[in-house]
Amino acid sequence: MTWFVDTLKAYPEIAIFLALGIGYWVGGKSFKGFSLGAVTSTLLVAIVIGILGVKISANVKSVFFLMFLFAVGYGVGPQFVRGIAKDGVPQAIFAVIMAVLSLAASVVAAMVAGYDLGSAAGLFAGSQTISASMGLATDAINRLGRSPEETKMLLDGMPIAYAVTYIFGTVGSAIVLAQIGPKLLGIDLVAACKDYERMLGAGSAGGSGTEWHEFEVRAYSVAPDSPFIGKSVGELEAGTHDGVRAFIERIRRDGKIIEVDQHTLIEGGDVVAIGGKRDQLIARLGPSGREVDDAELLNIHTEGVDIYITNKEVDGKPLQELARWPGARGVFLKKIKRGPTETVIPVLPKTQLYRGDVITLVGRTQDINATAKQLGYVDRPTTVTDVAFVSLAITVGALIGAIVIKVADIPLTISTAGGSLIAGIIFGWFRAIHPTFGRIPEPTLWFMNSVGLNVFIAVVGISAGPGFIAGLQKLGVSLFLWGIFATAVPLIIGMFLAKYVFRFHPALILGICAGARTTTAALGMVCEAAKSQVPGLGYTVTYAVGNTLLTIWGMVVIMILS
C-alpha cells in the first residue's frame, strides 16, 4: 500500500486515470433507477485519492475544461441561436428567468447560511447539477487577488459543497418535475400529451406516426382491367398524399427491368416494384393486381442514413408539407433527433423540422441523395474529426476571453473558459448552416464533453481531498438542506410561471422546465410518466439557453458574493 501511494505521488497522471476508471464504473451502476453519474462518482473517488496527498498541476484541468466548454457550446449552438432568433423566443425567455431564479435561490441560501465563496459556488453547481459552472467559478476566485492560502481554502470548499448538494439536485429535480409537478399544476400529463399529439396530426390520415416511417418494397402484377393502365407514374404517386405514401421504383415490362420517371406510363401486364407501407400497398393495389415474387426486380439497393438539416427553406416546416416536396419522393422518415442531448422528437404530420435537426431516412440511395440536396447533407458515419477547426476555434475564443477590461479598477472578463463556450456556440451554429467544415463526429463530441469535464473534476477532487473531511464536518446537514431549497424553489416557481404567465401547453411545461434546468434525468422520468416523447419538444431550446447561462453563473456567483 505504501508503494502504491508513493507511486501515485510520484506519477500523479496515474491518479487521474484511476479516478476516471473507478468513477465511470461506479457512475454506471444504478439502484432502483438512481445513479450517482460519472461526474459525482469521479469527484468522490478523486477526493479519496487526494486525501492520500497526491498533487496535480492546475494546468491539466484548464486544458480539458476548455475542450469541454467548447464541446458544450458546439452542441447547443443551433438550438441556442434558433431559440433567441425565432419561434423559440418565449421558451428562451423562460429559460433566462429560470436561470436567474436558480442563481437567486443559491445566492440567498449562501448568504443566509454564511458560506464562503467556494462553498457558495459548489452549492450552486450541485443544487443546479451544472458541474461546468465550477470551472468559471475557479477562474473568478483565482482573479480575486486573495492570498494563495485563502484562495486554496476557497477552491477546496467548492467540491465539498458540490458533492453534498448534487444528489438531491439530480434526484430531487426529477421527483419535483415528474411526480410532484403534475399534481401541483393539476395536469393530467398523459391526456395532455395525447391532446398535443392530436394537434400534431396524430389520428388523422397518415398521422399515427407509423405511416410515416415504415418502408417495404413489393412487386405487383398490373391486371388487364386495372384502372392504373395508361396513367403516368407521376399521376399515381400524386394520389398518395391522402395519408398513403407509395412510390413506383422500377417496372418489369416484356421481361426487361426498366427504370421509371414521373412520365412513365403504366401498361397492362407490367410488374411494378412499389415502395411504401405494406397494409397501404395491399389496400391500394390489391383489387387491381396480384403480388408476385420477383427477386431480381426487388433487388433495389436501399439504405438508412442520417441527414443533417441545414436548408433555411426547411426551417419550421411541418412534415406533412415537406412530404409534398419533389425531393421527398421515395424516402420514408424513421426518426428525428434534436439538440445536444439528441432528444427524440415525435414523428407526426405537423411536427416541424428545424436547422440542426438530424433525421433518419430509409429509401433508395439515389432518392436519399436527392432528398439530401433539398434538406441538408447526408451525415454518414465517420471517425475523422476536423482537429484544425476545433483547435483554432478554441484558440480564438480563449484569446478573446483572456481580454481584461478595467472599469473603476474592477477587472471585467469573460475568462478563457467563457470565451471557449461562446466560440463553441458561434462555430456550432455556423456549422449548422455551412456543414462543409468543422466536423466533430458524435463519439468525439461525447469524449470532449464527458471526459473533458471529468478530468477537470478529477483534478478538482484530488486537490480538495486533504480538506474534505474537515469541510464536511463544518458544513454538514445544513448544507444538504440548503441544497434542497436551492433545487426545489426555482423549479416550483418556474412551473407556475410556465403555466400561468407564459401559458405553455400542459404537455410541454415539464419538459421546458427540465430543459431550463438542464436535467436530462428529469426529462426521462417526465416522458415515462407521460407515456409519450412530446415533453421533449419543450426541452431543446430551453436546454441550450439554460446550459449556457447556468455555466456562466459560476463566475457570476463569485462576482455577486465577493
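Rules behind the numbers
- Residues numbered from 1 in each chain as written.
- Predicted model: local features only at pLDDT ≥ 70, side-chain atom pairs only at ≥ 80, totals over all residues.
- Heavy atoms only, no water.
- UniProt positions renumbered as here; feature names shortened; annotations may be inferred.
- Helix = DSSP H or I, 4+ residues; strand = E, 2+ residues; numbered from the N terminus.
- Buried < 20%, exposed > 50% of the residue type's maximum accessible area, 1.4 Å probe, protein only.
- Contact = heavy atoms within 4.5 Å.
- Areas by Shrake-Rupley, 256 points an atom, 1.4 Å probe, with all protein chains shown as cover.
- Domains from an automatic or database assignment.
- Buried area = accessible area lost by both parts, 1.4 Å probe.
- Salt bridge = Lys/Arg side-chain N within 4 Å of Asp/Glu carboxyl O.
- Polar contact = N/O pair within 3.5 Å; in protein donor to acceptor, adjacent residues only side chain to side chain.
- Nonpolar A, V, L, I, M, F, W, Y, C, P; charged D, E, K, R; others polar.

The name given to the protein chain in an unreviewed UniProt entry is Aspartate-alanine antiporter, and the organism recorded there is Cupriavidus pauculus. Recorded in UniProt under Sequence similarities (unreviewed entry), the annotation for the protein chain is "Belongs to the AAE transporter (TC 2.A.81) family."

Just to check I follow, could you spell out the overall build of the protein chain for this structure?
For the protein chain, the helix and strand inventory stands at 19 helices and 14 strands. A principal-axis box enclosing the C-alpha atoms of the protein chain has dimensions of 95 × 50 × 50 Å. The proportion of buried residues among the 562 residues of the protein chain is 56%. By sequence separation, contacts in the protein chain at least 24 residues apart represent 81% of the contacts at least 6 residues apart. Per element, the accessible surface of the protein chain, about 23,900 Å² overall, is 63% carbon and sulfur.

Mind showing me how you'd approach helix α17 (residues 506-516) here?
Residue pairs spaced three or four apart in an α-helix point in one direction, given the helix's 3.6 residues per turn. Buried residues dominate α17, accounting for 10 of its 11 residues. Regarding α17, the residues found buried are A507, L508, I509, L510, G511, I512, C513, A514, G515 and A516. Against the buried residues of α17 lie α5 (89-113), α8 (148-185), α9 (189-199), α16 (442-501), α18 (520-530) and α19 (540-561). Residue T518 follows α17 closely and has a positive phi angle near 50°.

Where do I start with the UniProt feature "domain: RCK C-terminal" (unreviewed entry) in the protein chain in this structure?
On the UniProt side, "domain: RCK C-terminal" (unreviewed entry) is annotated at positions that read residues 205-281 and 290-377 here. Counting secondary structure, residues 290-377 comes out at 17% helix and 40% strand; the distance between its end C-alpha atoms is 38 Å.

Would you explain the domain arrangement of the protein chain in this entry?
In many reports, interface size means the accessible area that the parts give up when they come together. For the protein chain, the assigned domains read domain 1 (1-196 + 387-561), domain 2 (224-288) and domain 3 (302-378). For the pairing of domain 1 and domain 3, the buried interface totals around 1,700 Å² over both sides, and the portion due to carbon and sulfur atoms is 58%. Summed over the shared surface of domain 1 and domain 3, the number is zero salt bridges. Linking domain 1 to domain 3 there are one residue pair in polar contact (both at pLDDT 80 or more). Looking at the side of domain 1 that touches domain 3, the elements that each hand over two or more residues are α4 (58-85), α15 (415-433), α18 and α19. No other element matches α4, which puts five residues into the side of domain 1 that touches domain 3. Here the residues of the side of domain 1 that touches domain 3 sort into 10 nonpolar, six polar and six charged.

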